[in-house]
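Take a look at the letters that make up each chain.
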Amino acid sequence: MNMVDETTTAKRPAARDEKETPRREPLPHAEEHRRLHAPERSIAVWGPLLIVLVIAACLIFGVWLHVQRARERDAFANENAQVVVNVQTVHRNQKAVDLILPGSINANQSATLFARTNGYLGKWFVDIGDNVKEGQVLALIDTPDVEQQLRQAQGTLNQAKASFEIARVTAVRWQELYQQRVVSAQDNDTQQSSYQNAAAAVAASQANVNLLQQQLSFNQIVAPFEGRITNRFLDVGALVSEGSGSGGTQIYSLEQTDPLLIYVYVPQTNAPLVHVGVKAKLLVREYPGTNFTATVTRTAGAIDPASRTLLTELQIPNKDGTLFAGMYGEIEFSLKDTSTAPIIVPANAYIFRTAGPQVVVVRPDNTIHWQTIEVGRDYGTDLEAIKGLNDGDKVVANPTDDLVEGMKVTEQDVKPQGAGGAQAGGGAAKPNDGGGK
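Read on for a plain summary of the structure. Because the structure is a prediction, the values reported are computed rather than measured.

1. Things to note about the nonpolar core
Core analysis: the biggest nonpolar cluster contains 24 residues, and Leu282, Leu314 and Phe333 have the highest contact counts within it. Listed by contribution, the elements that provide at least two residues to this core are β3 (97–114), β10 (250–267), β11 (279–283), β12 (291–304), β13 (309–316) and β14 (328–335). Here this core gets 4 residues from one element, more than from any other, and that element is β10. Discounting chain neighbours no more than four positions away, the residues touching Phe333 are Val97, Asp98, Leu99, Leu101, Val264, Val278, Lys279, Ala280, Val296 and Leu314. In terms of nonpolar packing, the next biggest core, distinct from the first, is built from 18 residues, Leu113, Leu121, Val132 and Val240 among them.

In C-alpha cells:
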C-alpha cells in the first residue's frame, strides 16, 4: 500500500511539470552562438565594405589593363610605324679663306741724321752695315766758328755781369738817399730802372751762351735708337751745315730691322676677319720654300673710301737679319670665321617647294620639321644657308614628300658627300627595307 502511494506520488509531480512547461531539447553550439548576436547588425557592417572592395578591385584592374594596352600600342607603333631617316649634322663654314696680298717690307724705325751745327766732318766711327746701340756716338764735327761765337758770348756775359753789379750798388745807395729825403723820387726810380735793365742784360747774355753751348754739343752725331747704318753720306773734311731737308747736310741713314714691318691693304670683304693677333705667312721669292710668320699688330680701323681697303700693319721678327727692309713679298692669310660664317648644307638635303627653298630638320624630340632657308653661294655638292638654320642642326638627306610635319622618326647619321658621299635613296625608310616608305 505504501509502495503504491510512493510510486503514484513520485509520478504526479513529473506529469504536472510536463503539462505546465514543455520540455526543451538542448540546442547545438552554433545555433546557440547565433542567438547571441543580432543578424541585422552583421549585414549593416560587412555589406557596404564588401561592395567598396569589389569596386576598388574593378577600378585597379581597369587602370592596369588600360596602361598595359597603351604600352602594347606604343611598342607596336615604335616597332612597325616609325621610319628611319638619313641625317647629316650641319655646321658653319669651317674652311679657311686663303687671301694673298702684296706687301712691302719696311724697317720698324728709320731716320736720316742731319747736322745741327755748322762745321766740318772731323771723324766718323761707324760705316754702312754696322749695328749700333741707342746713344752711341757715330761721328764728330769740328765747329771752330761756333767755338769762337761761344767765347764772344761768354765775354759779353761777363760785361753784362759787371754792369749789373755796378747798377745794383748804385740802386741800393739811391734807395737809401731817397729814404733820407736827400734825392727826389724821380732820380731814385731812374736808378732802380737801370738796375733792372742790367739784370735783364745778364739773363739775355746767359741765354746766348747756353744756345751756343747747345750747338757746340751737336758736334757729336748720336744714334737715336738701336739699328743698322744703311748709308753714310759724307767723308772726313766735308763741309757741314745745320738744318734738315734740302737746307741741311745728311750724315747717316739708320734703320731698325728687328722686327720688320709689312703694310698690306685688305679688301673690304675680308676686313672683318683681320684683327690684331691674326697670323699670316710671308712669302719671299728669294727664299723659296721658306715661310716667315708675321702677326697683325695694327689696323687703320677705317676703310679707305677710294680703294675700299683696310690698311693693316704686320710685324715679323728678324733677329738673324735674313730679311732686308725694302724687299717685296706676299702676305698669305688663312682666315676662318667661326661666328658669322654661313651654315653649309649638303646639296642632297635641299629641296625647292612652293614655300621656297627648304630642308627637313629633325628636332631634338625626333620629329620632322620643314624649314625654309635663304640660300647663299652654291659650291656644287654643298651650298650656303644664310638664314633658317643653326650650327649643329640635323637635316635629312634626300627628303621626300612622305615626311610630313611633326612625324616621329628615327635618325641615322650618314657621312657628308665630301667625306665619301651621302647615302643615296629615299629620305624615309623602314628599318629593314632601306627604301622609301
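2. Considering unusual backbone geometry
The residue after Asp258, namely Pro259, is reached through a cis peptide bond having omega 0 degrees. Within the fold, Pro259 resides in strand β10. With a phi angle near 60 degrees, Arg181 is a residue other than glycine that sits in the positive phi range. Among the structural elements, Arg181 can be located in the loop between α4 (144–179) and α5 (185–217). Taking the relative accessible area as the measure of exposure, Arg181 reaches 68% and is therefore exposed. A positive phi angle, close to 55 degrees, is found at Asn398, a residue other than glycine. By the element assignment, Asn398 lies in the loop between β21 (394–396) and β22 (409–413).

3. Thoughts on the packing of α4 against α5
Closest axis-to-axis distance for the α4/α5 pair is 7 Å, and the angle between their directions is 160 degrees. Judged by the inter-axis angle, α4 sits roughly antiparallel to α5. Regarding α4 and α5, the two cross each other, and that crossing is left-handed. Grouping the amino acids of the contact of α4 with α5 by side-chain chemistry returns 19 nonpolar, 15 polar and 4 charged.

4. Observations concerning the sheet that holds strand β15 (residues 343–346)
If you trace the 4 strands from one edge of the open sheet to the other, you get β2-β15-β20-β19, paired in antiparallel fashion. Of all strands in the sheet, those bounded by a partner on one side alone are β2 (91–92) and β19 (374–378). In this structure, β19 lies alongside strand β20 (residues 382–387), joined through 3 bridges in antiparallel fashion. In the sheet register, Val375 faces β20, and the bridge partner there is Ala385.

5. What to know about the side chain of Asn86
Assignment of secondary structure puts Asn86 in strand β1 (residues 83–89). Among the polar contacts made by the side chain of Asn86, one reaches the side chain of Gln412 at a distance of 3.5 Å.

6. Considerations on the pattern of salt bridges
A full pass over the atoms with the stated rule returns 9 salt bridges. With a closest N to O distance of 2.9 Å, Arg232 and Asp127 form a salt bridge. Of this pair, Arg232 sits in strand β8 (residues 227–232) while Asp127 sits in the loop between β4 (119–124) and β5 (131–132), and the two are 105 residues apart along the sequence. Residue class for Asp127 comes out partly exposed when judged on its relative accessible area of 23%. The salt bridge partner of Glu165 is Arg168, with a shortest N-O separation of 2.5 Å. In this pair, Glu165 and Arg168 are both assigned in helix α4, 3 residues apart and thus about one turn of the helix distant. You can call Glu165 partly exposed: its relative accessible area is 36%. Through salt bridges with shared partners, one network takes in Asp127, Arg232 and Asp235.

7. Points about the packing of aromatic side chains
Inspection of the entire model under this criterion finds 3 aromatic pairs. Considering the side-chain rings of Tyr287 and Phe292, the 5.9 Å spacing of their centres and the 80 degrees angle between planes classify their relative orientation as edge-to-face. Residue class for Tyr287 comes out partly exposed when judged on its relative accessible area of 24%. Since its relative accessible area comes to 16%, Phe292 is described here as buried. The ring of Tyr178 is capped by Arg181, whose NZ or CZ atom sits 5.8 Å from the centre of that ring. Stacked on the ring of Trp370, the Lys or Arg Arg353 has its end atom at 3.8 Å from the ring centre.

8. A word on the pairing of β13
Taken across its 8 residues, β13 has 6 buried, putting it largely inside the fold. Two strands pair when backbone bridges link them, and β10 and β13 are joined in this way by 8 bridges, in the antiparallel orientation. Looking at β13, one finds that Val264 is bridged to Thr312. Of the strand pairs in this sheet, β12 and β13 are connected by 6 bridges, and their pairing is antiparallel. Paired with Val296 across the two strands is Leu314, which belongs to β13. Turn length for the β12-β13 hairpin, with the two strands adjacent in sequence and antiparallel, is 4 residues, and the turn residue Arg308 shows positive phi of about 55 degrees.

9. Concerning α5
Residues separated by three or four positions in an α-helix point in the same direction, a consequence of the helix having 3.6 residues per turn. For α5, built from 33 residues, the straight-helix expectation of 48 Å at 1.5 Å per residue is met to within 8% by its first-to-last C-alpha distance of 48 Å. Those residues of α5 that sit buried are Asn188, Ala198, Val202, Ser205, Val209, Leu212 and Gln215.

Analysis parameters
- Residues numbered from 1 in each chain as written.
- Predicted model: local features only at pLDDT ≥ 70, side-chain atom pairs only at ≥ 80, totals over all residues.
- Heavy atoms only, no water.
- Core = buried A, V, L, I, M, F, W, Y, C linked by side-chain atoms within 4.5 Å.
- Buried < 20%, exposed > 50% of the residue type's maximum accessible area, 1.4 Å probe, protein only.
- Helix = DSSP H or I, 4+ residues; strand = E, 2+ residues; numbered from the N terminus.
- Contact = heavy atoms within 4.5 Å.
- Axes fitted to C-alpha atoms, helices over the stretch in contact; angles between N-to-C directions.
- Parallel < 35°, antiparallel > 145°, perpendicular 65-115°, else oblique.
- Left-handed = near helix turned anticlockwise from the far one by under 90°.
- Nonpolar A, V, L, I, M, F, W, Y, C, P; charged D, E, K, R; others polar.
- Pairing = 2+ DSSP bridges.
- Polar contact = N/O pair within 3.5 Å; in protein donor to acceptor, adjacent residues only side chain to side chain.
- Salt bridge = Lys/Arg side-chain N within 4 Å of Asp/Glu carboxyl O.
- Phe/Tyr/Trp six-rings, centres within 6.5 Å; stacked < 30°, edge-to-face > 60°.
- Lys NZ or Arg CZ within 6 Å of the ring centre and 35° of its normal.
- Expected span 1.5 Å × (residues − 1).

The values reported here are purely geometric and, on their own, carry no functional implication.
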